[in-house]
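Below are the chains, spelled out letter by letter.
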Amino acid sequence: SAADMGDLIKGESLSTVYYYGYDGARYTFPNEKTFMTWFEDFDSVQEISDDDLADISLAGNVVYRPGARWIKIESNPKTYLVATDGSIHWIEDEDTAVAYAGDDWADNIDDVPDVFFVDFSDGASMASAAAFDGMLYMSDDAYYVAVDGESRMLSEDGRSANRYMDSSFLDGGDIDTS
C-alpha cells in the first residue's frame with residue numbers, strides 16, 4: 001500500500017478517515033469530535049487508492065482519546081471519563097466533576113452517538129476525583145499524565161510529540177494523585 005503504519009489515511013471516493021494501525025489494520029474515526037481528541041487538524045491525512053484501502057482490513061473504531069474529554073449519550077444523563085483501556089467511568093456527582101475540572105467542568109463533555117457507545121467497556125464509577133490511567137492534568141502550571149499509577153511530568157516537547165493539546169488537561173484543584 002502507499003501508506004505506512006501509523007498514518008492517517010482515506011480512500012479516493014469516500015471522506016472517511018482511518019488510522020492505519022501498527023497491527024496492519026485500519027481503524028475508523030466515527031466522527032470529527034473523536035478525531036479531534038487525537039489530532040488538531042486533517043493536514044496529515046493521506047489519500048490512497050480505493051484498492052489499496054480495501055487491502056487493509058477494517059478492525060474497528062477509534063475511541064475517544066483517554067484523558068480529559070468526557071462523554072455522554074443522549075439516552076443516558078450520566079457523564080463518563082475515558083481511561084486508556086477504552087473503559088469508561090461514571091462521574092457520580094457534580095462535586096467530583098468540579099474537583100477534576102473546576103467550575104467549568106461541563107465544557108469537557110461531548111455527546112457520543114448511542115451507536116458508538118458500545119465501543120467502550122464499563123469501568124468502576126468515580127465517587128471522588130482520583131487519578132486514572134491516561135488522565136491528563138495540570139498542577140502548579142506543570143502538565144502531567146497518569147500512567148501505571150505514577151504521575152509523569154510532560155515538557156512542552158513531550159506534549160507536542162504525543163499530540164497532547166493544552167485544552168485536554170484537567171485543571172481542577174482537588175485531584176487525588178496519590
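A brief report on the enclosed structure follows. For clarity, every value in this text was computed on a predicted model and none was experimentally measured. (Residues numbered from 1 in each chain as written. Predicted model: local features only at pLDDT ≥ 70, side-chain atom pairs only at ≥ 80, totals over all residues. Heavy atoms only, no water.)

1. Considering the overall build of the protein
Inclusion rule: Each helix corresponds to a stretch of at least 4 residues labelled H or I by DSSP, and each strand to a stretch of at least 2 residues labelled E; elements are numbered beginning at the N terminus. As a reference, a globule follows 2.2 Å times the number of residues to the power 0.38, and the radius of gyration itself is taken over C-alpha atoms. Relative accessibility under 20% of the residue-type maximum defines a buried residue, over 50% an exposed one, and the middle range a partly exposed one, all with a 1.4 Å probe and only protein chains included. A contact between two residues is defined here by any heavy atoms of the two lying within 4.5 Å. Each accessible area is a Shrake-Rupley estimate made with a 1.4 Å probe; only the visible protein chains count as cover when residues are assessed. For the purpose of counting charges, residues Lys and Arg are taken to be positive, whereas Asp and Glu are taken to be negative. His and the chain ends are not included. Throughout, a charge is located at the NZ atom of Lys, the CZ atom of Arg, the CG atom of Asp or the CD atom of Glu.
Helix and strand counts for the protein stand at 5 helices and 13 strands. The C-alpha radius of gyration of the protein comes to 17 Å, within 12% of the 16 Å expected for a compact globule of 178 residues. A total of 178 residues make up the protein; the buried ones form 44% of that total. A fraction of 64% describes how many contacts in the protein between residues 6 or more apart in sequence connect residues 24 or more apart. Total accessible area on the protein stands at roughly 9,600 Å², and carbon and sulfur atoms take up 44% of it. Of note, the protein has its 10 positive side-chain charges centred 2 Å away from the centre of its 38 negative side-chain charges.

2. What to know about the sheet that holds strand β11 (residues 136-139)
To keep things clear, this is the line we draw: Strand pairing is assigned whenever DSSP identifies at least 2 bridges connecting the two strands. An axis is simply a line fitted to the C-alpha atoms; with a helix, the fit covers only the stretch in contact. Between two such axes, the angle follows the N-to-C directions and lies from 0 to 180 degrees.
The strand order across the open sheet built from 3 strands is β11-β12-β13, with neighbouring strands paired in antiparallel fashion. Here the strands that pair on one side only, and so sit at the sheet edges, are β11 and β13 (150-154). Averaged over all neighbouring strand pairs, the angle between strand axes comes to 40°, with direction disregarded.

3. Some thoughts on the pairing of strand β7 (residues 76-82)
For β7, the buried fraction is high: 5 of the 7 residues fall into the buried class. Bridging between strand β6 (residues 70-73) and β7 involves 3 bridges; their strand directions are antiparallel. Bridge pairing in β7 places Ile73 opposite Asn76. Between β6 and β7, which pair antiparallel and follow one another directly, the connecting turn spans 2 residues.

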